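Structural overview for review
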Amino acid sequence: MGWIRKARALFRREALSAELEEELRFHVAMREELNMVEGMPPALARADAQQRLGNATLLKEKMREADLFTFAESVARDLRFAARMLAKHPGFTFLAVLALSAGIGINTAVFTAYKAFLLRPLDGAHPEELFNIYHSRPDQAYDPIVSYADYEGLRDNDRSFSGILAVTGDELTMTDAGAAPDAAPSLGSSVLSALGFRLPTTMSGAAEPVTAALVSDNFFSVLGVAAIRGRVFTARDAAELMERPQLLISENYWERRFGHDKSILGRTVKLNSRAFVIAGVTPRDFMGTFTTQVPDFWMPLRLEPLVHRNSDLLTNREKPCCTVIGRLAPGVTPARAQAETEALANRLLSLHAPGTEGSRPLTIQVAPGSPFQRPQQDPKLKLIVAVTLGAVGLVLLIACANVAGMQLARSAARQREIGVRLSIGASRARVVRQLLTESALLGMTAGSLALILSFWTLRILVVEAAAAMPIEWGTFALHIHPDGAVFAYVFGISLLASVLFGLAPALESSRPDLVSALKEEGMRFRLPVGNRGLRNTLMAVQVGICLFLMVMASLLIRSSSRTLDLRTGYEGRQVLQVNLSFPATLNYPPAKQTAEVNLIRRKLMALPGVTGVTLGRSPDGGGLRTAKILPAGRVIFYTFVLPNYFETLDIPLVAGHVFSVGGSDRLLVSQSAAKRLWPGEDPVGRTVTLDVSDQFHVEGELTPASHPYVVAGVVGDTRGVLLDGSDSDKIYLPLLDSQFAEQPILVRTHDDPRRLFHAIGGKLHAIDPNLIAGAMTLDDALRNTPSFVIARCSGLFATVIGLLGLLLASAGIYGSVSYAVVRRTREVGIRVALGATRHDILRQMVSETARPVTVGLLVGLVAAAIAARLVRAILGGLSGLDPISFGGVSLFLLAIAMLAAFLPARRALRIEPMAALRCE
Amino acid sequence: MHGWDITLHIQQISKEVLRVEEGSLYPALHRMEQEGWISSEWGVSENKRRARYYRLTPAGRKQLAAEENNWRNVTKAVARVLAFAGGKA
């Protein structure tokens, strides 16, 4: 009860102070009166009364303490004092804030990105009510795709959801949309190309590819999202939609493709040559259920047959098509919804034809809505997240150790100030509290700086990256918002950091040692033993963490540079890959496609600088398929190529000869495939059959003939993108005339390939303006493969982390080591005066430093070796005990520490002994 | 009773043996009030001046009993020790 009154008293501090005053005044007045009655002269009576009362100010102070909370006041006082102290030492403050904000900033950035990317809810009102609904079967834990017919069954009968939507993505061809606004070269594109991403140059005619989300009629009403212009379609519009096909455009595409043209509503666009009316614009960056991509258009699923002729997507119950998401009905628990949906799904099973995939028993999972189907269950993703958060956490630790070192060095200088405070009656707890307040102020300053910096950096990166992506890739979006969780996180780690770097020095420097502290001389002469112990520990910790971090970073960098090594076994820089697509709208018969490709090949061959044109997929792995090779029974990659493929790509013929044009029963094998199939034997002349019956294939794609092939020759290995290198084992089959259309055209030039882009674009447009084509060099294509992108990103991340950690740690190690040595200048003077040789002293100084550094190195090495085993999965074949990473980093850190001890020690030795003795 | 009265009262009934250092009475009163043992209100004294009056609360009465008991035990113990020491001498 007391505290209520105390808290309430805070609001009437002025009145309270007057009351205290009055109460004491009354007492003095009464005493004065009594004194006068007893016969004292008035002046004496008053003085006596005052004297008997005692120190009025102190009394009032004590009464105030009893009457109200003074804690907040004292914190404010501490903060003011701390701010003054920090302002008085701008150099220290600047360095400490810099180091801390680097540490906190990188943590904030990673956390914000992690949250924006992986912990993002679905884009809609009250996202906590939205749930992903997916199948799971005994042999397949997770199957998100449901057929449209089954979806309708769920939608119409499931009462535990107030609405269930279905969505799928599609790529369509847009024609006759008019001229697009010019894209200004953005900062983002230069950043992306600096990071090594190559964007394909598109040479489009009248047709352009667009991305579309095909969504159920109720999509927008279930998500609770309205159009910013025009209107969204709803379930009630079914009849109207069929009669007058319409769709919605995303604000992002409206801007990028139509330059915010006000007349967009009611405009007709042709997708796959069917006319659609644009009925509305969805909000900027609205991506609904997609992860990071804003589709260009939102089209009703029920109109799917319009854009894909003869499609039975809507009626074929055996054809899975859609991701399904439901909004839970009020008052229904996810468990109940799961039970009801499961019962319903099992009833739907009976509608499937017996023996089909869809008729097998299943259970239904209802999981909290997320654009990632289930990020929390992917172990590799989890590992990456853990490694990332751990790495940036260590950077923060190094920053803290760094600042702790600075604090410790400073605390020696502050010993006098603290000594005075202790001696006039401050308790140790009070002094520690004051020092911690100072640390917290430092931490919070750094935290706010870090928050602003990291937020804007990320924001700019995302916006710029989105602007730089070519329009055909769709719109990239990531919602970077500093929300409550991010604030709490930054606040938390700043405070944690403050305690981490502040507590030990605060405890250390408040150790009561009044006498020597007050005597300016004594303090420095006494060897600060405890202080040195703490400093050694700090040094060992810094060295250990830094070693750990840098070994991990260098492992990552080395493993990614192995991936990024472009010694591929084929010419990639001088070969352009031209991907052609014949828009579905044109409906060309295969013969016409082949004729057109042949025409294009001839025209391209005639271009200046072109030395070869061939057909076939790039060796980097895109679209490669596997087959079981009989009689050996091994599964190996195969691809179709023209005979001049090897010559054009500079892949050497090792044995035998290349198959001839039009030949259909010969094949070539790569060296490593030959080694695997016929170890130690000559492969040329052998006969094999390729069995693809149980291998993955897309409907209607080119597959090997069923007749036997004879091995005509062996060619050199090319490197693919699989980390285990198994895609170097490859079989080349002859490409036939009738199969040209599906393969990329590869153009070899001895000129700068970039210069060829325009020429090729012109030729294609002249031949057939409806073609959609994109081109890039094979090297660039390889750089865009997922394993390259991942390797580059992780390499970049490791470099940033490693450099930051190295910078902080070497500054910290150097600083604390050299400070420790400098402080002993006087000791050096005495010992030299007593006859110690320079050699003795140097050796002692260096070896005393070496001890904690070695301990740190050993601990760090052991920790790194353990951690390297844990993250083997993402190292891609590099040995976890890579000697260069471990040895190199250890030696480097040891060298820094030794240098830090050696240089000041030598300086100390140069000083005349007498000067050293006198200097303090 | 206000602070001044308490001062005089203590002096009188203790026959001038216990002389409270006059000022230190007030912080003690305020702390006791925070504990809820006494309550206070502003009133007007006999000579028409505003003064703060303190009154024992039921909780205070209980606390007083407990403290009295405690004190008696202590003095009794001290008395016994002294008696023992006296007997020896």
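Residues numbered from 1 in each chain as written. Chains lettered and ligands numbered in written order. Predicted model: local features only at pLDDT ≥ 70, side-chain atom pairs only at ≥ 80, totals over all residues.

1. Some details on the overall build of chain A
Assigned secondary structure in chain A consists of 29 helices and 26 strands. The 920 residues of chain A split such that 39% are buried. In chain A, once contacts between residues fewer than 6 apart in sequence are set aside, the share between residues at least 24 apart is 85%. (Helix = DSSP H or I, 4+ residues; strand = E, 2+ residues; numbered from the N terminus. Buried ≥ 20, exposed ≤ 12 C-beta atoms within 10 Å, placed from the backbone. Contact = placed C-beta atoms within 7 Å.)

2. A closer look at the interface of chain B and chain A
Listed as interface residues are 17 residues of chain B and, on the opposing side, 18 residues of chain A. When residues in the side of chain B that touches chain A are grouped by element, the largest group, 6 residues, is from helix H2 (residues 25-35) of chain B. Taken together, the residues that form the side of chain B that touches chain A break down as 4 nonpolar, 6 polar and 7 charged. (Nonpolar A, V, L, I, M, F, W, Y, C, P; charged D, E, K, R; others polar.)

3. Observations regarding unusual backbone geometry
The backbone of His126(A) sits at a positive phi, close to 45°, despite the residue not being glycine. Residue placement: His126(A) occurs in the loop between helix H6 (90-117) and strand E1 (130-137).

4. A closer look at the pairing of strand E2 (residues 50-56) of chain B
Residues and elements named next belong to chain B. With 7 bridges connecting them, strand E1 (residues 38-44) and E2 associate as antiparallel partners. Of the residues in E2, the one forming a bridge with serine 40 is tyrosine 54. Taking the residues between adjacent antiparallel strands as the criterion, E1 and E2 are bridged by 5 residues, where lysine 48 takes a positive phi near 60°. (Pairing = 2+ DSSP bridges.)

5. Let's talk about helix H11 (residues 251-258) of chain A
Residues Asn252(A), Tyr253(A), Trp254(A), Arg257(A) and Phe258(A) constitute the buried set of H11(A). The first or second residue beyond H11(A) is Gly259(A), which carries a positive phi of 55°.

6. So, the packing of helix H27 (residues 838-870) of chain A against helix H28 (residues 883-910) of chain A
All names here are of chain A. The interhelical angle for the contact between H27 and H28, taken along N-to-C directions, is 155°, at an axis separation of 9 Å. Regarding the angle of H27 to H28, the classification is roughly antiparallel. The hand of the H27/H28 crossing is right-handed. Along the contact surface, H27 presents Arg838, Ile841, Leu842, Met845, Val846, Thr849, Ala850, Val853, Leu857, Leu861 and Ala864, while H28 presents Phe886, Ser890, Leu893, Leu894, Ala897, Met898, Ala901, Phe902, Ala905, Arg906 and Leu909. Among the residues forming the contact of H27 with H28, the class breakdown is 18 nonpolar, 2 polar and 2 charged. (Axes fitted to C-alpha atoms, helices over the stretch in contact; angles between N-to-C directions. Parallel < 35°, antiparallel > 145°, perpendicular 65-115°, else oblique. Left-handed = near helix turned anticlockwise from the far one by under 90°.)

7. Examining the pairing of E1(A)
All names here are of chain A. Counted residue by residue, E1 has 6 buried out of 8 residues, so it is predominantly covered. Taken together, the 4 bridges between E1 and strand E13 (residues 320-328) define a ladder with antiparallel strand orientation. Bridge pairing in E13 places isoleucine 133 opposite valine 324. As paired strands, E1 and strand E14 (residues 363-368) are joined by 6 bridges and run antiparallel to one another. Bridge pairing links serine 136 to threonine 363 in E14.

8. Here's the deal with helix H16 (residues 484-509) of chain A
Residues and elements named next belong to chain A. Helix length check: H16, at 26 residues, gives a terminal C-alpha distance of 37 Å against a target of 38 Å (1.5 Å per residue), a fit within 8%. A maximum bend of about 35° is found in H16 at glycine 502, where proline proline 505 lies one to four positions downstream. By the burial criterion, the buried members of H16 are Val490, Ile493, Ser494, Ala497, Ser498, Phe501, Gly502, Pro505, Ala506, Glu508 and Ser509. (Expected span 1.5 Å × (residues − 1). Bend = angle between axes of the 7 residues up to and from the residue.)

9. Description of the packing of helix H2 (residues 13-37) of chain A against helix H3 (residues 42-53) of chain A
All names here are of chain A. Their axes nearest at 8 Å, the elements H2 and H3 cross at an angle of 135°. When the axes of H2 and H3 are compared, the pair comes out oblique. Between H2 and H3 lies a crossing of right-handed hand. Contact with H2, carried on its side by Leu24, His27, Val28, Arg31, Glu32, Asn35 and Met36, involves Pro42, Ala45, Arg46, Asp48, Ala49, Gln50, Arg52 and Leu53 of H3 and no other residues of that element.

10. Structural notes on the environment of Thr234(A)
All names here are of chain A. Summarising the element assignment, threonine 234 is placed in the loop between strand E7 (229-230) and helix H10 (238-243). For the pair threonine 234 and aspartate 217, spaced 17 residues apart in sequence, the C-alpha to C-alpha distance is 5.1 Å. For threonine 234, the residues in contact, after removing those within four places along its chain, are Asp217, Asn218, Phe220 and Ser221.

11. A short note on the confidence of the model for chain B
Residues and elements named next belong to chain B. Mean pLDDT over chain B works out to 83, with 92% of the residues at or above the 70 mark. Taken element by element, the predicted model of chain B shows its lowest mean pLDDT in helix H1 (residues 3-13) (83) and its highest in E2 (87). Quick note on the complex model: pTM equals 0.65, ipTM equals 0.84. (pLDDT = per-residue confidence, 0-100.)

12. Observations concerning the nonpolar core
All names here are of chain A. Residues Val395 and Leu549 are the most contacted members of the largest nonpolar core, which totals 86 residues. Residues lining this core come from more than one domain, with at least three contributed by each of domain 2 (71-118 + 379-464 + 476-526) and domain 4 (539-566 + 779-920). Contacts of valine 395, omitting those with residues within four sequence positions, involve Gly103, Ile106, Leu549, Ile801, Leu804 and Gly805. (Core = buried A, V, L, I, M, F, W, Y, C linked by C-beta atoms within 7 Å. Domains from an automatic or database assignment.)

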